[in-house]
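# Fold and contact review
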Amino acid sequence: MTADGTGARGGGGRGGGVPLLAVAHGSADPRSARAVSAVFERVRALRPELDVRVSYLDHVAPSARDALEELAARGAGEAVVLPALLTAAYHSKVDLPKVLADARGRSPWLRVRYADTLGPHPLLTEAVERRLDEAGVRPDPDTALVLASAGSSDPGANATVAAMAAELAGRGPWREVVAAYASAASPGPGEAVAALRERGASRVAVATYLLAPGFFADRVRARSLEAGAYAVSEALGDVPEMAGVVLDRYDAAVASRHATSFR
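In this report, the structure presented in the accompanying data block is examined. If you're wondering where the values come from, they're calculated on a predicted model, not measured in any experiment.

Formed by 51 residues in total, the largest nonpolar core has its most connected members in Phe40, Leu118, Val128, Leu147, Tyr209 and Met242. Sorting elements by how many residues they give to this core places helix H8 (residues 240-255) first, with 7 residues. Setting aside residues up to four positions removed in sequence, phenylalanine 40 forms contacts with Ala22, Val52, Val54, Leu82, Ala84 and Val246.

Below you can see the structure in the form of structure tokens.
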């Protein structure tokens, strides 16, 4: 499957001509690629002079490797690579650096500035609240909230989600806010909803902390509703805050003096 996420729009704006190559996870579910593409279309609209391209680690073309090779073939001397992921875990720490290392021998002149993952970022908290509001959920002392992410075998990634749950609790008033994980860690979304109900919460809402719809978003919704949640928000997708995060990460990477040199 191919998602048309590329977009050579001339050279570079505040980045001084440095292209942006986003690398998303990728999914066999076409809804995911459509949502990711929409995010970066908004980025292009906000900064039309910036060359914004989208690639994927799995399932969807172009791959990160192919996208880097195309940039090099077009004569780019530098690029910002943005892991379009909500937490820093295996994909951003291992998979993507392997792709960049492989490109070292193929394009010795290309310098890569490796941006931080999308999360954690204060704007993502606002994005979660936006999606909850759209689902008819507002902070209430009688309502408990589950922040449900994909989950990871990386404890640091899961701790990032737990810290975000604590931040949401402080922005309340919620009865309680807990983190949950659709895979690789506990509690799962259904377990978290059931536990909150057992602790006396009359209403439990679930915030879907995922970039795009797909397998994990469907799992979060199904298991949460089965356990008695009264509302489940949509995946973050193309919210204004997400484009703001992307551009913040891009600008920080361009401003940084650190770059991975393919030499």
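Tracing the backbone shows aspartate 95 in helix H3 (residues 90-106). Aspartate 95 gets classed as partly exposed once you look at its relative accessible area, which sits at 22%. With 38 residues separating them along the chain, aspartate 95 and leucine 57 place their C-alpha atoms 8.1 Å apart.

This part takes up the pattern of salt bridges. Throughout the structure, instances matching the rule amount to 17 salt bridges. Residue arginine 171 is joined to glutamate 129 by a salt bridge in which the shortest nitrogen-to-oxygen separation is 2.7 Å. Linking arginine 171 in helix H5 (residues 155-171) with glutamate 129 in helix H4 (residues 122-134), this pair joins segments that are 42 residues apart in sequence. By relative accessible area, which is 37% here, arginine 171 ends up partly exposed. On the basis of relative accessibility, which here comes to 27%, the residue glutamate 129 falls in the partly exposed class. Measuring nitrogen to oxygen at the nearest pair gives 3.5 Å for the salt bridge that ties aspartate 140 to arginine 203. Note that aspartate 140 is positioned in the loop between H4 and strand S5 (143-149) and arginine 203 in strand S7 (residues 203-208), a separation of 63 residues in sequence. Classification of aspartate 140 as partly exposed rests on a relative accessible area of 22%. Look at the salt bridges and you will find they share partners, linking Asp51, Arg53, Glu70 and Arg74 into a network.

Scanning the model with the defined rule gives 1 aromatic pair in all. Arranged with centres 5.4 Å apart and planes meeting at 65°, the rings of phenylalanine 215 and phenylalanine 216 form a pair that is edge-to-face. The partly exposed category is assigned to phenylalanine 216, whose relative accessible area is 30%. Note that arginine 203 overlies the ring of tyrosine 230, its terminal NZ or CZ placed 5.6 Å from the centroid.

Attention now moves to the environment of aspartate 116. By secondary structure assignment, the location of aspartate 116 is in the loop between strand S4 (111-114) and H4. Since its relative accessible area comes to 51%, aspartate 116 is described here as exposed. Linking aspartate 116 and aspartate 58, residues 58 residues apart in sequence, is a C-alpha distance of 20 Å. Discounting residues that sit within four places of it in the chain, aspartate 116 has contacts with Leu82, Pro83 and Arg249.

Looking now at the pairing of S5. With 7 of 7 residues buried, S5 is to be regarded as a mostly interior element. Going residue by residue along S5, you find Thr143, Leu145, Leu147 and Ser149 tucked away on one face and Ala144, Val146 and Ala148 tucked away on the opposite face as well. Of the pairings in the sheet, the one linking S5 to S7 comprises 6 bridges and is parallel in character. Of the residues in S7, the one forming a bridge with leucine 147 is alanine 207.

The next thing to look at is the side chain of serine 224. With respect to the element layout, serine 224 can be found in helix H7 (residues 215-226). A distance of 2.6 Å separates a polar atom in the side chain of serine 224 from the backbone oxygen of valine 220. When near neighbours in sequence (up to four residues on either side) are disregarded, serine 224 contacts Pro189, Val193, Val206, Ala229 and Val232.

What follows deals with unusual backbone geometry. Here the amide bond leading from alanine 61 into proline 62 is cis, since omega sits at 5°, within 30 degrees of zero. Here proline 62 shows up in the loop between strand S2 (52-56) and helix H2 (64-73). Positioned with a positive phi, histidine 59 is a non-glycine residue whose angle comes to about 75°. At alanine 184, a position not held by glycine, the phi torsion is positive, near 70°.

Listed in full, the buried residues belonging to H2 are Ala64, Ala67, Leu68, Leu71 and Ala72. Relative to the axis of H2, the buried residues are bounded by an arc of 140° and lie together on one face. Positive phi shows up at glycine 75, right after H2, with a value of about 90°.

What follows concerns the packing of H4 against H8. Taken N-terminus to C-terminus, the directions of H4 and H8 make an angle of 165°; their axes are 8 Å apart at the nearest point. Classified by the angle between their axes, H4 and H8 sit roughly antiparallel to one another. As for how H4 packs across H8, the hand of that crossing is left-handed. Of the residues in H8, those touching H4 at Leu123, Leu124, Glu126, Ala127 and Arg130 are Pro240, Glu241, Met242, Gly244 and Val245.

Reading the values: the criteria
- Residues numbered from 1 in each chain as written.
- Predicted model: local features only at pLDDT ≥ 70, side-chain atom pairs only at ≥ 80, totals over all residues.
- Heavy atoms only, no water.
- Core = buried A, V, L, I, M, F, W, Y, C linked by side-chain atoms within 4.5 Å.
- Buried < 20%, exposed > 50% of the residue type's maximum accessible area, 1.4 Å probe, protein only.
- Helix = DSSP H or I, 4+ residues; strand = E, 2+ residues; numbered from the N terminus.
- Contact = heavy atoms within 4.5 Å.
- Salt bridge = Lys/Arg side-chain N within 4 Å of Asp/Glu carboxyl O.
- Phe/Tyr/Trp six-rings, centres within 6.5 Å; stacked < 30°, edge-to-face > 60°.
- Lys NZ or Arg CZ within 6 Å of the ring centre and 35° of its normal.
- Pairing = 2+ DSSP bridges.
- Polar contact = N/O pair within 3.5 Å; in protein donor to acceptor, adjacent residues only side chain to side chain.
- Arc of directions from axis to C-beta.
- Axes fitted to C-alpha atoms, helices over the stretch in contact; angles between N-to-C directions.
- Parallel < 35°, antiparallel > 145°, perpendicular 65-115°, else oblique.
- Left-handed = near helix turned anticlockwise from the far one by under 90°.

The values reported here are purely geometric and, on their own, carry no functional implication.
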